[in-house]
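Structural description and commentary
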Amino acid sequence: MLIQKEKEIRKLLKFLDEKNDFYHDIIQKNQIDLDSNIESIFYKLPVITKQDIREHYSEYLSKITLPQFSEFTSGSTGKPVNCVKTSAERTTAGINVWKRRHQWDKEADINNYIYLYDKNTYRKVGNLLNFEKNNMIKCFKRLMDLNPRWLSGPISSFVRYAKLIEEGEVPYTYGSIKFLELAGEYATKEQRQLVEKVFGAKTINHYGIMESWCIAYECTCGKLHVQNNLFYAETRRPKQQFEDKDIGEITITSFYNKLMPLVRYNIQDYGKVTIEQCECGETSQVLTLLGGRTADIIVGTEDILGELFFKRGIYKLIDRYGDCVDGFRAEQIALREFLIRIQKGKGFREEMSEIMTKHIKSGLGNDVIVHYEYVDVIAPLPSGKMKIFYSHVQI
Ligand SMILES: [Zn+2]
């Protein structure tokens, strides 16, 4: 597969050798001959992460004099990286994703498509991220006044609004929104089914990062196709072992990000990359995501994924007490200390915390301390993301 992208990769690297100090140094130091065999070139290049970009930021950006646009992204450690693109790069990425949307829906356009969290939406409808009930009701009504056909946003927000509709708190005409594009978070099958049922809309997975926007997009057969005119995907050996040996950390090379290059950029999401001849007619790399970021491992453990671990505890409670938790988040506040925020459900019982603590201690050791906080609503993290598990402990 790499060989099929030879031309794009070689062209990119020749550009970077000339215009980018970070890559010029790497190419020099490793004595990489950019005219030699593509595999020997490519695999000599280091795999980089967000942290590498942050640490080498001053030499990391290419010398391009075109107008630049900034967006910030923060990793799990919370420190932001300024992601820059030229206007041409933004146009390339934009056109590409709109092509994908049109494969689903010829009528989709910028007038009936709304991204929940962009500034324009904020100006028109208010802060959809503020999940206080009255605010949600107000914002959702304003949102529906704009007659959206497409909405794009994280699944957790759609789930919240779906629950509000189900409870009869906001009016909604079933089927008036046709498509819900899921971006920014991993969506489970159950979450997708719930929002599809309530909204009467089709959900579509959009896998992207702020650094490069949309990397892969779901086709009508349900496969997440890598946008192979712009990216090459590979996986890196994961920090933990999975039964399926093909699962690794998703690592991409972008052919179009030249100002802030992404070459063998490890996104730190778990998943696998396969090449498939899909029934939709496309042959491309296909991503299968596992959910959760590698950074979501409980600090101090080898390989325990926080989200799965704490979910299991909550499922035990639900098995026993039924509808007892409306929402929760586990936060690691110190190496051996956790805070569990719980939004109580109808069947909530005080003794639930003891069962949860037992689950946590049996997995992590008897010396861990667990606190509980009962909240009206689980607020997003300062980054705006909703996570089941978050570690404040720096590695
Ligand atoms: Zn397909």
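Residues numbered from 1 in each chain as written. Predicted model: local features only at pLDDT ≥ 70, side-chain atom pairs only at ≥ 80, totals over all residues. Heavy atoms only, no water.

To continue, consider the overall build of the protein chain. On a plain count of helices and strands, the protein chain comes out with twelve helices and 16 strands. Relative to the compact-globule value of 21 Å for 395 residues, the protein chain shows a C-alpha radius of gyration of 22 Å, a close match. Expressed as lengths along the three principal axes of its C-alpha atoms, the size of the protein chain is roughly 70 × 55 × 40 Å. Of the contacts formed within the protein chain by residues at least 6 apart in sequence, a portion of 62% connects residues at least 24 apart. Summed over its atoms, the accessible surface of the protein chain is roughly 19500 Å², and 49% of this surface lies on carbon and sulfur atoms. Of note, the protein chain has its 56 positive side-chain charges centred 2 Å away from the centre of its 53 negative side-chain charges. (Helix = DSSP H or I, 4+ residues; strand = E, 2+ residues; numbered from the N terminus. Rg over C-alpha atoms; globule rule 2.2 N^0.38 Å. Contact = heavy atoms within 4.5 Å. Areas by Shrake-Rupley, 256 points an atom, 1.4 Å probe, with all protein chains shown as cover. Lys, Arg positive; Asp, Glu negative; His and termini not counted. Charge placed at Lys NZ, Arg CZ, Asp CG, Glu CD.)

Here the phi dihedral of Arg264 falls at roughly 50°; this positive angle occurs in a residue that is not glycine. Residue position: Arg264 is located in the loop between strand E10 (248-254) and strand E11 (265-277). Exposure remark for Arg264: the relative accessible area of 2% places this residue in the buried category. Residue Gln268 is not a glycine yet carries a positive backbone phi of 70°. Looking at the secondary structure, you find Gln268 in strand E11. (Buried < 20%, exposed > 50% of the residue type's maximum accessible area, 1.4 Å probe, protein only.)

Moving on, we come to empty space enclosed by the protein. As enumerated under the stated definition, the model contains one cavity of 30 Å³ or more in all. In this model, the largest cavity occupies a volume close to 30 Å³. Looking at the largest cavity, the residues that line it are Leu116, Leu128, Phe140, Leu143, Leu151, Phe158, Tyr161 and Phe199. Elements with a minimum of two residues in the lining of the largest cavity: helix H8 (133-145) and helix H9 (155-166). Per-class residue counts for the lining of the largest cavity are eight nonpolar, no polar and no charged. (1 Å grid on protein atoms, 1.4 Å probe; cavity = no way out; pocket = protein on both sides within 12 Å on 5 of 7 lines; lining within 4 Å. Points joined across faces, edges and corners; volume = space filled by probe spheres on them. Nonpolar A, V, L, I, M, F, W, Y, C, P; charged D, E, K, R; others polar.)

The subject of this paragraph is the coordination of the zinc ion. Around the zinc ion, the donor atoms from the protein are Cys219 (SG), His225 (NE2), Cys278 (SG) and Cys280 (SG), and they sit 2.1 to 2.3 Å away. Coordination geometry of the zinc ion: the four donor atoms subtend angles of 102 to 115° at the metal centre, consistent with an arrangement described as tetrahedral. Along the chain, the residues that donate to the zinc ion are spaced as C-x5-H-x52-C-x1-C. Within this pair, whereas His225 is found in strand E8 (residues 224-226), its partner Cys278 is found in the loop between E11 and strand E12 (283-293), the two being separated by 53 residues in sequence. According to the relative accessible area criterion, Cys278 is buried, its value standing at 7%. (Donors = N, O, S within 2.8 Å, 3.2 Å for Na, K, Ca; no water. Tetrahedral: all angles 85-135°; square planar, octahedral: opposite > 155°, others 65-115°.)

A word on the sheet that holds strand E13 (residues 325-334). Sheet strands associate in pairs through backbone hydrogen bonding, adopting either a parallel or an antiparallel arrangement. One open sheet holds the four strands; their spatial order is E15-E14-E13-E16, and the pairing between them is mixed. What marks the edges here is a single partner per strand, and that holds for strand E15 (369-374) and strand E16 (389-391). Taking the axes of each pair of neighbouring strands and ignoring which way they run, one obtains an average angle of 20° across the sheet. With six bridges connecting them, strand E14 (residues 337-344) and E15 associate as parallel partners. Among the inter-strand pairings, Phe338 is bridged to a residue of E15, identified as Val370. (Pairing = 2+ DSSP bridges. Axes fitted to C-alpha atoms, helices over the stretch in contact; angles between N-to-C directions.)

To continue, consider helix H2 (residues 21-29). Along an α-helix, residues three or four apart share an orientation, since each turn contains 3.6 residues. The set of residues buried in H2 consists of Phe22, Tyr23, Ile26 and Ile27. The arc that holds every buried residue of H2, seen down its axis, measures 125°, which confines them to one face. The inward-facing, buried residues of H2 contact helix H1 (6-19) and helix H5 (57-60). Taking the backbone nitrogen of Phe22 as reference, a side-chain oxygen 3.1 Å away marks Asn20 as the first, capping residue of H2. Following H2 by one or two positions, Gln31 adopts a phi angle in the positive range, close to 50°. (Arc of directions from axis to C-beta. Polar contact = N/O pair within 3.5 Å; in protein donor to acceptor, adjacent residues only side chain to side chain.)

The next thing to look at is the packing of H8 against H9. Close contact between H8 and H9 brings their axes to 11 Å; oriented N to C, the two are set at 90°. By the criterion of interaxial angle, the relationship of H8 to H9 is roughly perpendicular. Counting all contacts with H8, which are made through Lys133, Met136, Ile137, Cys139 and Phe140, the residues of H9 involved are Arg160, Tyr161, Leu164 and Ile165. Across the contact of H8 with H9, the residue classes tally to seven nonpolar, no polar and two charged. (Parallel < 35°, antiparallel > 145°, perpendicular 65-115°, else oblique.)

Another point: the confidence of the model for the protein chain. In this model, the protein chain carries a mean pLDDT of 89, and residues with pLDDT of at least 70 account for 93%. In this model residues 75-79 is a low-confidence stretch, pLDDT under 50, and it forms eleven contacts with partners more than four residues away in sequence or in other chains. (pLDDT = per-residue confidence, 0-100.)

Bringing the packing of H1 against H2 into the picture now. Here H1 crosses H2 at 105°, and the two axes come no closer than 6 Å. Here H1 lies roughly perpendicular to H2, going by the angle between them. Listed contacts from H2 to Leu13, Leu16, Asp17 and Lys19 of H1 are Asp21, Tyr23, His24, Ile27 and Gln28. Looking at the contact of H1 with H2 residue by residue, the classes come out as four nonpolar, two polar and three charged.

Mapped onto the elements of the fold, Ser152 is located in strand E4 (residues 150-153). Reaching out from Ser152, the side chain makes a polar contact with the side chain of Tyr113 at a distance of 3.3 Å. When sequence neighbours within four positions are dropped, the list of residues in contact with Ser152 reads Tyr113, Ile114, Tyr115, Leu116, Phe158, Glu181 and Ala183.

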